[in-house]
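# Secondary and tertiary structure notes
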Amino acid sequence: MPDPFDLDDDGPQPSPSAPVQIAPPPAMAMPWLDGLNADQRRAVEATEGPVLVLSGAGTGKTRVLTTRLAFILVTGKARPWNVLAVTFTNKAAREMRERIATLVGPAAEQLWLGTFHALGVRMLRRHAALVGLESNFTILDTDDQLRLLKQLMDAERIDGKKWPAQVLLSTIQRWKDRGLAPQRVSAGDAGDLAGGRAIALYELYQERLKALNACDFGDLLLHCLTIFQDPAHAGILADYQQQFRYILVDEYQDTNVAQYLWLRLLAQKHKNLCCVGDDDQSIYSWRGAEVGNILKFEQDFPGAQVIRLEANYRSTPAILATASGLIRHNQGRLGKTLRPGHQHAEAGERVLVRGLWDGEEEARWVVEEIEAQQRAGTRLGQIAILVRAGFQTREFEERLITTGVAYKVVGGLRFYERQEIRDALAYFRVVVQRADDLAFERIVNLPKRGLGDASLQAMHVLARRQGVCLTEAAAQLVQTDELKPKARSVLAALLGDFDRWRSMLDGLPHPELAGTILDESGYTGMWQQERSPDAQGRLENLKELVAALEEYDSLPGFLEHVSLVMENDERSDAERVSIMTLHGAKGLEFDVVFLPGWEEGVFPHQRALAEGGVKALEEERRLAYVGLTRARRRVFISHAANRRIYNQWQNSLPSRFIEELPADSVDRLAEQGLFGGAAESATAWAASWNSVTPVRRQRQDVTTPSVAGDAPDDGYRPGDRVFHQKFGYGRVLGVDGNKLEIAFDKAGQKKVIDSFVAPA
DNA sequence: GATAATCCGGTTTTT
DNA sequence: CCGGATTATC
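Anyway, here's the lowdown on the structure attached to this text. This structure is a prediction, so every number in the text was calculated from the model and none was measured.

What counts as what
- Residues numbered from 1 in each chain as written.
- Chains lettered and ligands numbered in written order.
- Predicted model: local features only at pLDDT ≥ 70, side-chain atom pairs only at ≥ 80, totals over all residues.
- Heavy atoms only, no water.
- Helix = DSSP H or I, 4+ residues; strand = E, 2+ residues; numbered from the N terminus.
- Contact = heavy atoms within 4.5 Å.
- Areas by Shrake-Rupley, 256 points an atom, 1.4 Å probe, with all protein chains shown as cover.
- Core = buried A, V, L, I, M, F, W, Y, C linked by side-chain atoms within 4.5 Å.
- Buried < 20%, exposed > 50% of the residue type's maximum accessible area, 1.4 Å probe, protein only.
- Pairing = 2+ DSSP bridges.
- Axes fitted to C-alpha atoms, helices over the stretch in contact; angles between N-to-C directions.
- Disulfide = S-S within 2.5 Å.
- Phe/Tyr/Trp six-rings, centres within 6.5 Å; stacked < 30°, edge-to-face > 60°.
- Lys NZ or Arg CZ within 6 Å of the ring centre and 35° of its normal.

On a plain count of helices and strands, chain A comes out with 31 helices and 23 strands. Counting only contacts in chain A whose residues sit at least 6 apart along the sequence, the fraction spanning at least 24 positions is 74%. When the accessible surface of chain A is split by element, carbon and sulfur atoms take 51% of a total near 34600 Å².

What follows is the structure, encoded as structure tokens:
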């Protein structure tokens, strides 16, 4: 598979002087235009000037995008490298490239097509020097960023308790999302964050990144903007403006301000900017997306054409009516009504809203319906359970396991985010870039080598004083006797290892080198020693990582890929029910969709309600809209009257969104038909259930040994089975006063105070 | 420096 | 209630 991120290839250089055909040869064969409806076709053919394509869910957006690109290429309006096409995810970029390739062949390879960030890197590597970086700068992940910021906060005596580094980091990121370099952040924006020194901190952070020859994700665009806007280098922007005759943007409702500015600058010359999006599907404001971008497109780009795609080819009329009815409750939309495309003669089955007793019963009901669907011929791969938040998946997983229905949870922890993978990558980074201090710090004492805070401190002090990287500082340090002899020799050995690995960079095939590094550093050994249940899995992940290296031609090349992609390719073609979050489901479609947990506090989420504003609530509503419009044939919504949250029982009201669904496309089904109308009836319903509570069902808590307090009066004896909150089950080996020596089944042997265990 | 006890917070996620 | 992060203790 071609790597969509491998952008620093030696593809053809832009040649502004190349002759460009403007008119298509009359008999040009473009059979793929034929299947389009009138609006779609307009969107494809309106190549000149700014265009906003408002494409509702299921209206053939991807098809329009790819066809439009093909049209531009085939008619000779532009050469591939004169076209800039931007997406949000690597997946989307890859798919788009593949689909275009089927239309125009290998020319698709030459397009400037990728995510904002990938394209940003490609440009930035060329001009890195202008913002004080070398072109081989590294891209930090969130871990690194946070560590860096914490260091600065320590140095600046900013209280991490009062101002969590996490919060400050996300503030800085939001500033970057808005295209604000430190000098441009207004004092009012910073408020009293970090005791009023937030801007100064941001500035330090940027300086530090520069010193490390590193970038964070926000910088990839922010630095581009800086370069573009610098009058001293006006030629650079002018060249790109000249080069990109046509610009195309997918998911425009998700762009942030920095991305908007970047696009606007690049489009300035030819003004052939086509943005495709749907304001009703904007669900990422919390990470900086600015719905305003799409709402004010016509003002921003005077003379813009707006083309609405409203013919939906995905869902039944009943589902469309439900979704439209719901989203109508939002203010401030561009306005757009989905109507059925051609294929549905009948309305289709109504959306079913089902009220249930509790989460467990909800899960049971959902799985029963899934089985019924399966019997009726629906494939499991065409069924999805879409939840608001990750923790909701558990109940469904449990039920699906007990019933033996195959499922997959889409979008758990991604491969490259796992601890062991990041550790391994840190080793590689130090080998490739000895100045990568953050990586060095991550692994200097991993596995434990006896190089603790004291040694690290010494390295830091020296590094600061001399203005060198930690590796260099460490090298100097081992020449002195500042460190204790033990630490000194261990550190010297480690540095020797790194030098040796570096010397092998060109000799050994890189997957082998990677294996060598992990083995010789003792990193694999560390996990082999570890007896915890997940150690095995971690070792397998490491093997997988080394295997994955085969696909790349060098270790540095691989690291570049990883820093951008951070993606987990799931390969498994078996038919399975998908469980995922509503966010994760955007852009996907299924025959049958289950939307559980429609309760106040869950969905809309408590936090959105707490904010109080309509903005947060409207975003939740859009999320519901996204959920509904994933379905082709059938939607099942459910809510429970009682839910256990943090192991506490709470009774809950049906989501307000249920009330907002148009009555004539929805069936409501709950015991005793108590869903007449307003929330009041919902309360009554819950109350009626509550009256039945006592006999209803005893919780399985009985089987769970409860916490401390019920220790036997005569204390524990060797051989007793016990349960510990953290370490699980184990057997008492010895007793020493109130201290117990316990061999835990999973966690190994530990000494524990008796009040922390309970008899099992 | 490593391990145990305590504290705290607890959506959504990509690059 | 759980898990991660921080603190306390040996």
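So, about the nonpolar core. Judged by nonpolar contacts, the single largest core of 49 residues is most densely connected at Leu 425, Phe 428, Met 459 and Phe 558. A per-element tally of this core places helix H17 (residues 419-432) first, with eight residues. Excluding anything up to four places from it in sequence, Phe 558 contacts Tyr 416, Leu 425, Leu 545, Leu 549 and Tyr 552. Counting 46 residues, the second-largest nonpolar core is a separate cluster that includes Leu 52, Leu 225, Phe 228 and Leu 273.

Backbone hydrogen bonds hold the strands of a sheet together, and the pairing may be parallel or antiparallel. Pairing in this open sheet of six strands is parallel, and the strands run S3-S2-S6-S7-S1-S8 from one edge to the other. The sheet is open, and its two borders are formed by strand S3 (112-115) and strand S8 (305-309), each paired with just one other strand. If you compare each strand with its neighbour and ignore which way they point, the axes differ by 15° on average. Bridge count between strand S1 (residues 51-55) and strand S7 (residues 273-277): four bridges; the pairing is parallel. What sits directly across from Val 51, in S7, is Cys 274. Here helix H3 (residues 90-104) sits on the sheet in contact with strand S2 (83-87) and S3, set at roughly 150° to S3.

Quick look at the environment of Leu 595 now. Counting through the fold element by element, Leu 595 comes out in strand S15 (residues 590-595). Residue Leu 595 is classed as buried on the basis of its relative accessible area, which comes to 1%. Linking Leu 595 and Gly 627, residues 32 residues apart in sequence, is a C-alpha distance of 7.2 Å. If near-sequence neighbours (up to four positions away) are discounted, Leu 595 is found in contact with Leu 386, Leu 582, Gly 627, Leu 628, Val 635, Phe 636, Ile 637 and Ser 638.

Within the structure shown, the criterion is met by zero disulfides. In this structure Cys 274 is a free cysteine whose sulfur lies 6.8 Å from that of Cys 275, the closest cysteine sulfur available.

The next thing to look at is the packing of aromatic side chains. This structure, assessed with the given rule, holds 21 aromatic pairs. Aromatic side chains Tyr 427 and Trp 501 sit 6.4 Å apart centroid to centroid with 80° between the ring planes, which places their arrangement in the edge-to-face category. Remark: Trp 501 occurs in helix H21 (residues 485-504) and Tyr 427 occurs in helix H17; sequence separation between them is 74 residues. What makes Tyr 427 buried here is its relative accessible area of 0%. Among the residues examined, Trp 501 registers a relative accessible area of 0% and is labelled buried. Consider the rings of Phe 594 and Phe 636, whose centres lie 4.7 Å apart with planes at 10°: the pair is stacked. Linking Phe 594 in strand S15 with Phe 636 in strand S16 (residues 631-645), this pair joins segments that are 42 residues apart in sequence. Phe 594 sits in the buried class, given a relative accessible area of 1%. One cation-aromatic arrangement involves Arg 125 over Phe 137; the distance from NZ or CZ to the ring centre is 4.2 Å.

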